[in-house]
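# Analysis of the macromolecular model
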Amino acid sequence: MRTPLIFLLLIGLSFGFFPAQSRSDFKLRVENSFLKLYENPDVALHAAKEIRNDENALVTKDILTRAYLMKGDYLESVRDAFEKSNTQQSNQKLLSTLIIAREFFHLNLYEQTANLIEPLFT
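Right, let's walk through the structure included here. (Residues numbered from 1 in each chain as written. Predicted model: local features only at pLDDT ≥ 70, side-chain atom pairs only at ≥ 80, totals over all residues. Heavy atoms only, no water.)

## Let's talk about the overall build of the chain
- On a plain count of helices and strands, the chain comes out with seven helices and zero strands.
- Along the chain direction, N to C, the helices and strands of the chain fall in the order α-α-α-α-α-α-α.
- Expressed as a percentage of its 122 residues, the buried residues of the chain come to 27%.
- Looking at the chain alone, contacts between residues at least 24 apart form 45% of all its contacts between residues at least 6 apart.
- For the chain, the exposed surface amounts to about 8,900 Å²; the carbon and sulfur share of it is 58%. (Helix = DSSP H or I, 4+ residues; strand = E, 2+ residues; numbered from the N terminus. Buried < 20%, exposed > 50% of the residue type's maximum accessible area, 1.4 Å probe, protein only. Contact = heavy atoms within 4.5 Å. Areas by Shrake-Rupley, 256 points an atom, 1.4 Å probe, with all protein chains shown as cover.)

Structure below.
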């Protein structure tokens, strides 16, 4: 009687029917940072600096630039947007360009925003 139950349990675990964890710690921390971004940008800054790593540099860069922008620290926001990252993939470079374009847009630098965005559509 126990053998079929153990067999079914092993099959269920191998196919992912019983997930051990719903979300990773990193994803939960990023989600919390985004939620805190609009409530208290200082808390979002602190959380983003804690979870900053090379694998997901653009996610934390996005949080940091938005938080500095909401605090009114425009210089630091632009510095973080232009910060070099070790991105080799084209989609990551695209996201980095869009982060910079968003910064320019929020600073009412529409001509610079257009100069960054227009080459993406040609």
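## Some words on the packing of helix H4 (residues 57-71) against helix H5 (residues 74-82)
- Contact geometry for H4 and H5: axes closest at 7 Å, N-to-C directions at 165°. The orientation of H4 relative to H5 falls into the category roughly antiparallel. Between H4 and H5 lies a crossing of left-handed hand. Taking contact as the criterion, the partners of Lys-61, Leu-64, Thr-65, Tyr-68 and Leu-69 in H4 are, on H5, Tyr-74, Glu-76, Ser-77, Asp-80 and Ala-81.
- Residues that form the contact of H4 with H5 fall into these classes: five nonpolar, two polar and three charged. (Axes fitted to C-alpha atoms, helices over the stretch in contact; angles between N-to-C directions. Parallel < 35°, antiparallel > 145°, perpendicular 65-115°, else oblique. Left-handed = near helix turned anticlockwise from the far one by under 90°. Nonpolar A, V, L, I, M, F, W, Y, C, P; charged D, E, K, R; others polar.)

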